[in-house]
Amino acid sequence: MFFGASALPLFGCLHAGTGPARDVGVVLCSTWGREEVSAHHSLRQWALQLSQQGWPCLRFDYPGEGDSAGDPLADGGLDAWVGGVRQAIEELKRRTGVTRVCLLGVRAGVALACLAAQGRDDVMGLVAVAPVVKGRGFVRELNALQAAACKTGEPQPLPGVFQSGGYVMTQEARDALSGVDLTALARSAAPQVLVLDRDDMPPSTAWIKALEAQGAVVQQAALPGYVRMMADPHHAVAPQAMIDVSLRWLNELSPVTTSSRTELAPGLAAADEALLPVPQQAVRHVREQALFVQGGPAFGVLTQPAEGQHRTGQAILVLNAGSTRHIGPSRQSVTMARRWAAEGHVVLRIDLAGIGEAGVRAGRELNMSYPHEAMLDVRAALDQLRTQPGVETIHACGLCAGAYHALKAARDGMPLASVTLINPLIFFNAEGLSLEEGADLSPQKVHSAAASYKESAASLEKWLKLFKGQIKFDALFKVMLSRATMVLSAKVKELGRLVHWPLKDDLGTDLRRLAGQGVRVNFIFAQGDPGESMLREQAGSVVHGLQRRGLLSLNVFQGADHVFTDAVVRHDMLMCLAQIMSAMTAVI
């Protein structure tokens, strides 16, 4: 749902509570940036389990972040984020009738919750998960993350902008965040506090002493689960030990009441859409709606021109980048969807089943980047788009796994005029593919490993390690054998295409067939990403031939990583993506 000020509405997910009635609700406050993307899965699981025991819960995105309205540089920052927590508290109370709340924060979300609770008498409890007590240390961690993620060694400077892991805030916001010190607050966030420290780091002793000095009753536990909670989205696992302890603590804090469950306040049920501002666009607003695609389990956010605005008749389907939810890495999907809608297109960003806000199919795992039934969700999403007024033509785009699903949908004959594929890593038979370490060698792993070995061949140190037995020769042999097999297979298929042999699972044949059917294919790669060399190898001369005829485009960006973390390079890529889509919608 959308809530808060109509000029800058926030996006949230309300879990009304299905168990015994309670007079206390829980507002979940996530952390910021790359950590928020990872923690999303865990906070959703936390809220689901809380609501099953009767706790009404609200999860939400801060101003300028996630699906909420606004721009992170113009509308974000410490004061705005703290204001978002306060708006969420009021919204949960207004919608469910609870009179008191507990705040549950993760990392920087703990700091924001504590600041938002100052001066309030309706916050009765705080659950602090791996709390950020001093903002200065958190900012240092963000700096380290950016340095590690930057492929070129040094991030490209942006005047007045601080970036980390693909997310941005102003330098002023960074300085304000750096100045946060929970030990120096005038009062405790709540009279009852549960601190859940990670079990691999020292506990938050100074803050505990400060809380107790302020009169708070504090319980503290160091529990496992943090590291896996903060893993990449396709590896993220909810910290069940932490969830269980928080549930027991909350149940002791506020036992079940005897009153009947409060229904949603009248007139508040239909808040699944809002009019959102679009910065730096001639059309100032677009309309956005949250929905389950044709009844679920896939979840989607539909963005379209506001009432009375020009419509082009073109629609764009944006698919999950791996297991990252529908906002996309660094919020890329939100940015483009709103820009495209301002130009008159209808855009649907979806979570495939088991990812993000989508439900999970029986017997299937959560967070699978390549779900077995993905094409069922894609087909349902295309059907959903065709029901929108004036939609005549549909395009699809996606990054990584999203690129694979877009290409497969086109190959399966779904009605798409074009597909734009950003850094695809695999082209065939990815359904159910495991991305766990130690899994069987997939083509992209072979390409990456072979490139690494080739680079190491010039290193005397690496050769010495090999001779000393410090490098696993069996792994090296396995990669080299797989690589030789792939090269030989590519040459055989290139010959087969020349003499028109029928080939199975052949990328060149498929690209040629799609071009013949009028489906335009566009590729965007980060330089050095395995997908580019795989494309050229697996499709052979077809790539150059289709490029020459204007039926396929290929754009490569230097200094980019797989998800375009650096803000400068990402801006250039998004501009290229906008130009591609303008060309596609103009041609049709």
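Preceding this section is the structure that the text describes.
Scope of this entry: the structure provided in the associated data block. If you're wondering where the values come from, they're calculated on a predicted model, not measured in any experiment.

### A look at the overall build of the protein chain
Summing up its helical and strand segments, the protein chain has 19 helices and 19 strands in all. Each of the 588 residues in the protein chain was classed as buried or not, and the buried ones make up 56%. In the protein chain, the proportion of contacts linking residues at least 24 apart, taken out of those at least 6 apart, comes to 74%. Accessible surface for the protein chain amounts to roughly 24300 Å². Of this, 54% is attributable to carbon and sulfur atoms.

### Let's talk about helix α16 (residues 507-516)
What α16 keeps buried is the set L507, G508, D510, L511, L514 and A515. Angular distribution of buried residues about the axis of α16 spans 165°; they occupy a single face of the element. G518 occupies a position one or two residues after α16 and carries a positive phi of about 85°.

### Examining the sheet that holds strand β15 (residues 346-351)
Strand order in this open sheet of nine strands is β11-β12-β13-β15-β14-β16-β17-β18-β19, and the pairing throughout is mixed. Edge positions in the sheet fall to β11 (273-277) and β19 (552-557), since each has one partner strand and no second. Here the strands of the sheet are splayed against their neighbours by 20° on average, with no regard to which way each runs. Of the pairings in the sheet, the one linking β11 to strand β12 (residues 285-292) comprises five bridges and is antiparallel in character. Following the sheet pairing, P277 is matched in β12 by H285.

### Digging into the sheet that holds strand β2 (residues 10-15)
Strand order in the open sheet made by the eight strands is β1-β2-β4-β3-β5-β6-β9-β10, with mixed pairing throughout. Strands at the two margins of the open sheet, each flanked by one partner only, are β1 (2-3) and β10 (217-223). Relative to strand β4 (residues 57-60), β2 runs antiparallel, the two sharing four bridges. When the sheet's bridge partners are listed, C13 is paired in β4 with R59. Against the sheet, helix α1 (residues 34-52) contacts β2, β3 (24-29), β4, β5 (100-106), β6 (123-129) and β9 (192-198), and its axis sits at roughly 165° relative to β4. Strands β1, β2, β3, β4, β5 and β6 of the sheet are contacted by helix α3 (residues 78-96), whose axis makes an angle of about 145° with β4.

### Brief notes about the pattern of salt bridges
Applying the stated criterion across every chain, the model contains 25 salt bridges. One salt bridge in this structure joins E532 and R536, with 3.4 Å as the shortest N-O distance. With E532 and R536 both in helix α17 (residues 530-539) and four residues apart, the pair spans about one turn of that helix. E532 sits in the buried class, given a relative accessible area of 14%. Salt bridges sharing common partners tie together D67, E288, R338 and R349.

### Let's talk about the nonpolar core
In terms of nonpolar packing, the biggest core is built from 54 residues, with F60, L103, L126, L182 and W207 touching the most fellow members. If you tally residues by element for this core, the top one is helix α4 (residues 108-117), at nine residues. Excluding residues within four positions of it along the chain, F60 makes contact with F3, L10, F11, G12, V27, L28, C29, G84, V85 and A88.

### Here we look at the packing of aromatic side chains
A complete count under the given rule lists eight aromatic pairs for this structure. Ring centres of W32 and W81 lie 6.3 Å apart, and the angle between their planes is 40°; this geometry places the pair in the tilted category. One end of the pair, W32, is in the loop between β3 and α1; the other, W81, is in helix α3, and 49 residues separate them in sequence. A residue is classified by how much of its surface remains accessible, and W32, at 4% relative accessible area, is buried. Given a relative accessible area of 2%, W81 falls into the buried group. A centroid spacing of 5.2 Å and a plane angle of 85° characterise the contact between F60 and Y62, whose relative ring orientation is edge-to-face. Here the two residues F60 and Y62 agree in accessibility, since each one is buried.

### Remarks on the packing of helix α11 (residues 374-386) against helix α12 (residues 401-411)
Contact geometry of α11 with α12 gives a least axis separation of 10 Å together with a crossing angle of 75°. The angle between the axes of α11 and α12 places the two elements in the roughly perpendicular class. From α11, A374, M375 and V378 reach across to α12, where they touch H405, K408 and A409. Across the contact of α11 with α12, the residue classes tally to four nonpolar, one polar and one charged.

### Some details on the side chain of E91
Summarising the element assignment, E91 is placed in helix α3. In this view, E91 contacts M1, F3, G4 and L58; residues no more than four positions away in its chain are not counted.

Reading guide: rules and limits
Residues numbered from 1 in each chain as written. Predicted model: local features only at pLDDT ≥ 70, side-chain atom pairs only at ≥ 80, totals over all residues. Heavy atoms only, no water. Helix = DSSP H or I, 4+ residues; strand = E, 2+ residues; numbered from the N terminus. Buried < 20%, exposed > 50% of the residue type's maximum accessible area, 1.4 Å probe, protein only. Contact = heavy atoms within 4.5 Å. Areas by Shrake-Rupley, 256 points an atom, 1.4 Å probe, with all protein chains shown as cover. Arc of directions from axis to C-beta. Pairing = 2+ DSSP bridges. Axes fitted to C-alpha atoms, helices over the stretch in contact; angles between N-to-C directions. Salt bridge = Lys/Arg side-chain N within 4 Å of Asp/Glu carboxyl O. Core = buried A, V, L, I, M, F, W, Y, C linked by side-chain atoms within 4.5 Å. Phe/Tyr/Trp six-rings, centres within 6.5 Å; stacked < 30°, edge-to-face > 60°. Parallel < 35°, antiparallel > 145°, perpendicular 65-115°, else oblique. Nonpolar A, V, L, I, M, F, W, Y, C, P; charged D, E, K, R; others polar.

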